[in-house]
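Survey of secondary and tertiary structure
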Amino acid sequence: MMGAATVLLVVIVAAIWVAQSHSEYIEYNTTQRIVNGQINVHLVPHSHDDVGWLKTVDQYYVGANNSIRGACVQNVLDSVISALLEDKNRKFIYVEMAFFQRWWRQQSKAKKIKVKELVDSGQLEFINGGMCMHDEATPHYIDLIDQTTLGHQFIKDEFSKTPRVGWQIDPFGHSAVQAYLLGAELGFDSLFFARIDYQDRAKRLKEKMLEVIWQGSRSLGSSSQIFTGIFPRHYDPPDGFTFEINDVSPPIQDDIELFDYNVQERVNDFVAAAIYQANVTRTNHIMWAMGTDFRYQYADSWFRQMDKFIHYVNQDGRVNALYSTPSIYTDSKYAANEQWPLKVDDFFPYADKPNAYWTGYFTSRPALKGYVRVMSGYYQAARQLEFFKGRNASRPNTNLLAEALAIAQHHDAVSGTERQHVAADYALRLSLGYKEAEVVVASALAFLVNQKLSSQQVKPVTDLQQAMHSGHRISFLLSSTQYKLLSFIRSYVEQWKKLGQYNNVSTTDISVKDSAGNEVESQILPLSNATSILRKYYVKAYLGKSPGSEPKYWLAFPVSVPPLGFSTYIVSKPRQTGNRSTISKVHKSERSTNTSIEVGQGNLKLLYSADERKLTHYVNSRNLASGAYVFRPNGSFPIRSDRQESFAVLSGPVLDEVHQQLNPWISQITRIFKGKEHAEVEFTVGPIPVDDNIGKELITQFTTSMKTNKTFYTDSNGRDFIKRIRDFRTDWDLQVNQPIAGNYYPVNLGIYVQDSNTELSVLVDRSVGVSSLVDGQVELMLHRRLIHDDTRGVGEALNETVCIAGSCEGLTIQGKLYLKIDPIGEGAKWRRTVGQELYSPLLLAFTEQDGDNLSNFQSSTFSGIDSSYSFPNNTALLTLQELYSGKILLRLAHLYEIEEDKDYSAMASVELLKLFPNKKIRKVTEMSLSANQERAEMEKKRLAWKVEGSTKETKVVRGGPVDPEKLVVELAPMEIRTFFIEFASLQTVPEAENQAAT
């Protein structure tokens, strides 16, 4: 009967069209309606606007450099707003606030009023709402939170709206952290994306499993799940329904006086496409993403056709079409009361066809990845200092760095998938942001230090120079739970230049004292040849001249820094003999067939073969574990030296070093610090040679005798660890086409393997690709230089070079890995503790004082928390920021998962009264993760989805409400809680006796 009715309707409509004798104005009926019992096609107009890719973010916005691509986001927004104002039924979603914010600032008051009316009516809806559509493989979770918060705060401030839906349509794989943290914890009701593995998609299409309930966190379970929709093919419409000016899809031609009248033909096409998608989708609601990259530059060309399709398709009656948004679509899905499949873990790695795994970008542009990570840690410290001094209403402030970091999280930014000139633009923005933040940091540190010195006969500190890149040198004694600020006082700097005259002696004219005047054991170590050569070349390449002076040594000494504070150390010419830094002893071994070289002074010993000059054993007298590693570009071609390269061991009271030059373009330094039970490996790789016309990807491998049963564990954006099994996928039977690339995963914290007795952990200082292709072995990709494009859109080979006077060589990078072997069950403490230290290393600042002033310099140590309080070891302070409203944005995080550690995978408590000991807290309000709505209101609105075959899960435990009197924040495993703190008054920083840490 339905078929007969449909045919009859078509005949009648066709007769009406033919009966028209002349063309006339047609009023298209685009009224939104849901029809029960019919397929409802939700047309979602959108433009995917990359915040940089082939062109820079500003070039995309203004439409510059169109020889690369004719894209102008300014035109998109101008055109869309005009089109929406023509018909109240039209809708549009917008995602990237980096672009919208630029556009918004340029609009008149009258235009802003009209746009706000569009937002209030639901015609224009902000989806996702971060500054960019961030990558999901290569950013750290703190950067993801920050960039999303920046966008959400803009939307809240200007429009009083809170985005409801995640829209990650283009990232090349999807992380568990995206689902629960950057989804459910934001208050999102749903999440949509396009890119999943082609084998996974094929199975989901067949089994109607494109839409699922995704539980990304093992610890938070159903309390942080999200409805997730995967597009049937990509984030564009079905074939034949794209309508940019130059698109080839046939438009509806409904003027009977013109040739090619095709209304019924196009309606049939629409119905056929809708039925096809409905056959792979649950419920009678389907979504068409009506747009793709940089569309709607002439929005009428899209809306004119959609108006016609809605009008004629609904007259036809076989399916129902409507203007919609992902929010409306989500509500329709929820109303259907359907049960949905459950998804856990993540969607990595991603392949779009056989032999095409998108796993190289986990490492691409390692220098930019490292720079983003360094700037991120610096930004956290900078805004904490901004809090202690008080935020400037005008510049300088940390805003520029915040915005640069935000767009750097874009899925074609830190991912390394952009063109070279775009990568340079991201780096320049970070540099400019750092330059301004550096002023803020110097001013705040001077303010704090001078407050401590106000009662002493000492000149005020005015010139605090910073050396953020040196933080790793002395960060090994830090607590992992808070960011640390370190102030150095430097005197007699010229003495550093004289160290070159000393050779194989135990002391020199440098002394280190703490702020109480106590001698601190210290050690002078020579810079490696690789570092010295790299510095000379890059200074000349980027500044146009050779460096004026050449540092030859670096100084290492242990430090103690209070939480949320700083300590002062004095480096000077010693007044007494004997109180001098120790020059490292150098041991150069001759090749021998019988000798082993032992390095390390404590429980940890590294044994090197004197013959092969490589690490053969890792021995910890506490647990007797062992292992070894070699450098390899892949599993088949080990790097071999054409000649005997250098090998030297340096020892001293603070640390031991092993310097190895593996070949002319690979060197490494392995360090063991006194009292530590892990090894630090600093590698220098490059320039990778391509004179053989072959691109190369440099891999390092750590090999043990552990029986790991194909299993390894990698982190999700530096947060949860996910179990991986070689050549296996949880959701489908994997057809193995690429046994190497198909087993690579991204890490931002690290990777570990384990057997019944032992854990081997390797931590990283930036995003890299990792795998375990052989039992007991871990490998990490450190650097890539390629000479061919992979035909995935960028149109440029990944061949980073540095040039002097027109002569170019490949990019050289330096980075660090951290290695530890533990008894089974004990590795998590080290991974979480050191991982937090690596993300937020010491911030170093220096100032010079003359000798007389230095002699009067007394204790200068500062801590922002109560001196009697110990911050819980399983928690971290993620955010401490003063907002322009005067409120304080505070985020606290639990660092452990459930059952990850026998001691620390437990509820933790943070006492706010001890965190702010000298301020009167007037009000504490718990907020969503991005601080754009109260948490209680968010939870009331949360949709309760039904899951197929769900069984009763173990009760998820979360921290309870904050008592307004006790002000104690509870944190369950993997929980992050966000608060607005309001003080009764903003007081200045108290005197030293009230602030000193024990």
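Criteria and cut-off values
- Residues numbered from 1 in each chain as written.
- Predicted model: local features only at pLDDT ≥ 70, side-chain atom pairs only at ≥ 80, totals over all residues.
- Heavy atoms only, no water.
- UniProt positions renumbered as here; feature names shortened; annotations may be inferred.
- Phe/Tyr/Trp six-rings, centres within 6.5 Å; stacked < 30°, edge-to-face > 60°.
- Helix = DSSP H or I, 4+ residues; strand = E, 2+ residues; numbered from the N terminus.
- Buried < 20%, exposed > 50% of the residue type's maximum accessible area, 1.4 Å probe, protein only.
- Core = buried A, V, L, I, M, F, W, Y, C linked by side-chain atoms within 4.5 Å.
- Contact = heavy atoms within 4.5 Å.
- Pairing = 2+ DSSP bridges.
- Axes fitted to C-alpha atoms, helices over the stretch in contact; angles between N-to-C directions.
- Polar contact = N/O pair within 3.5 Å; in protein donor to acceptor, adjacent residues only side chain to side chain.
- Expected span 1.5 Å × (residues − 1).
- Salt bridge = Lys/Arg side-chain N within 4 Å of Asp/Glu carboxyl O.
- Disulfide = S-S within 2.5 Å.
- pLDDT = per-residue confidence, 0-100.
- Left-handed = near helix turned anticlockwise from the far one by under 90°.
- Nonpolar A, V, L, I, M, F, W, Y, C, P; charged D, E, K, R; others polar.

With an unreviewed UniProt entry as reference, the protein chain is termed Alpha-mannosidase, source organism Arachis hypogaea. Check the Catalytic activity (unreviewed entry) section of the UniProt entry for the protein chain; it says "Hydrolysis of terminal, non-reducing alpha-D-mannose residues in alpha-D-mannosides." Taken from UniProt, the Sequence similarities (unreviewed entry) comment for the protein chain reads in full: "Belongs to the glycosyl hydrolase 38 family."

We now examine the packing of aromatic side chains. Enumeration over the complete set of coordinates arrives at 52 aromatic pairs. The interplanar angle of 75° and the centroid separation of 5.1 Å between the aromatic rings of Phe227 and Trp340 together place this pair among those described as edge-to-face. Here Phe227, found in strand S7 (residues 225–230), pairs with Trp340, found in strand S10 (residues 339–340); they are 113 residues apart in sequence, far enough to count as distant. For the pair Phe227 and Trp340, one class covers both residues: buried. Seen from their ring centres, Phe241 and Phe270 are 5.8 Å apart, and the 85° between their planes marks the pair as edge-to-face.

It is worth spelling out the nonpolar core at this point. Residues Phe100, Leu124, Phe270, Trp288 and Tyr296 are the most contacted members of the largest nonpolar core, which totals 67 residues. Ignoring any residue separated from it by four or fewer positions in sequence, one finds Phe270 in contact with Val41, Leu43, Phe241, Trp288, Phe309, Val313, Val319 and Ala321. By size, the runner-up hydrophobic cluster in this structure holds 53 residues, among which are Tyr379, Tyr434, Ala444 and Leu915.

Before going further, it helps to examine the sheet that holds strand S21 (residues 596–599). One open sheet holds the three strands; their spatial order is S21-S22-S23, and the pairing between them is antiparallel. Of all the strands in the sheet, the pair left with one neighbour each is S21 and strand S23 (615–620). On average, each strand axis in the sheet is tilted by 20° relative to the strand beside it, whichever way the strands run. In this sheet, S23 lies alongside strand S22 (residues 604–609) in antiparallel orientation, the contact comprising five bridges. Each residue of the ladder has a partner; that of Leu607, found in S23, is His617.

The residue Gln305 is located in helix H10 (residues 300–316) in this model. In this structure, the C-alpha to C-alpha distance between Gln305 and Pro251, residues 54 residues apart in sequence, is 6.5 Å. When sequence neighbours within four positions are dropped, the list of residues in contact with Gln305 reads Phe243, Pro251 and Ile252. Side-chain polar atoms of Gln305 contact the backbone nitrogen of Ile252, separated by 2.7 Å.

The end-to-end C-alpha separation of helix H9 (residues 263–278) is 22 Å, in line with the 22 Å expected for 16 residues at 1.5 Å each. All buried positions along H9 are accounted for by Val263, Gln264, Arg266, Val267, Phe270, Val271, Ala273, Ala274, Gln277 and Ala278.

Before going further, it helps to spend a moment on the pattern of salt bridges. One pass over the full model with this rule turns up 54 salt bridges. Among the ionic pairs, Glu519 bridges to Lys513, the shortest N-O distance being 3.9 Å. Look at Lys513 and you get partly exposed, because its relative accessible area is 30%. Residues Asp903 and Lys902 are paired through a salt bridge, measuring 3.2 Å at the closest nitrogen-oxygen approach.

Quick look at the state of the cysteines now. What the rule picks out here adds up to one disulfide. Paired through a disulfide, Cys803 and Cys808 show a sulfur-sulfur distance of 1.9 Å. One disulfide, between Cys803 and Cys808, carries an S-S torsion of 100° and so falls in the right-handed class. A residue is classified by how much of its surface remains accessible, and Cys803, at 33% relative accessible area, is partly exposed.

To continue, consider the confidence of the model for the protein chain. Overall, the predicted model of the protein chain reaches an average pLDDT of 87, with 87% of residues at or above 70. Across residues 1–20, where pLDDT falls below 50, the model places 15 contacts with residues more than four positions away in sequence or in other chains. Counted against residues more than four places away or in other chains, residues 986–998, with its pLDDT under 50, gives 26 contacts.

Spatially, the five strands line up as an open sheet ordered S4-S5-S7-S6-S11, and their pairing is mixed. Every interior strand has two partners, whereas the edge strands, strand S4 (165–167) and strand S11 (342–344), have only one. Adjacent strand axes in the sheet meet at a mean angle of 30°, parallel and antiparallel pairs treated alike. Note: strand S6 (residues 211–215) against S7, five bridges, orientation antiparallel. Note that in S7 the partner of Glu211 across the bridge is Gly229. Together, S4, strand S5 (190–193), S6 and S7 form the strand contacts of helix H11 (residues 326–335), whose direction differs from that of S5 by roughly 115°.

Here Tyr94 lies in strand S2 (residues 92–94). Measuring from C-alpha to C-alpha, the distance between Tyr94 and Leu124 comes to 7.4 Å, with 30 residues separating the pair along the chain.

Moving on, we come to the pairing of strand S37 (residues 801–804). Pairing geometry for S37 and strand S38 (residues 807–810), over four bridges, is antiparallel. Residue pairing in the sheet places Val802 in a bridge with Glu809 of S38. Between S37 and S38, which pair antiparallel in sequence order, lie two residues; one of them, Ala805, sits at a positive phi of approximately 50°.

Checked against the element boundaries, Asn40 lands in strand S1 (residues 40–45). Looking at Asn40, its side chain comes within polar contact range of the side chain of Asn320, at 2.9 Å.

Here the focus is the packing of helix H4 (residues 97–105) against helix H6 (residues 141–159). Packing of H4 against H6 brings their axes to within 10 Å, and their N-to-C directions diverge by 35°. As H4 packs across H6, the resulting crossing turns out to be left-handed. For the pair H4 and H6, the contacting residues are Met97, Phe100, Gln101 and Trp104 in the first and Gly151, Phe154, Ile155, Glu158 and Phe159 in the second. Looking at the contact of H4 with H6 residue by residue, the class counts come to six nonpolar, two polar and one charged.

Let us now look at unusual backbone geometry. For the peptide bond that leads from Phe348 to Pro349, omega is -10°, which places it in the cis range. By secondary structure assignment, the location of Pro349 is in the loop between S11 and helix H12 (366–389). Following Arg395, the chain continues to Pro396 via a peptide bond in cis, the omega torsion being 5°. Looking at where Pro396 falls in the secondary structure, it is placed in the loop between H12 and helix H13 (399–408). Unlike most non-glycine residues, Asp260 shows phi in positive territory, near 65°. The residue Asp260 is located in the loop between S7 and H9 in this model. Positioned with a positive phi, Thr283 is a non-glycine residue whose angle comes to about 70°. Turning to its location among the elements, Thr283 is positioned in the loop between H9 and strand S8 (285–290).

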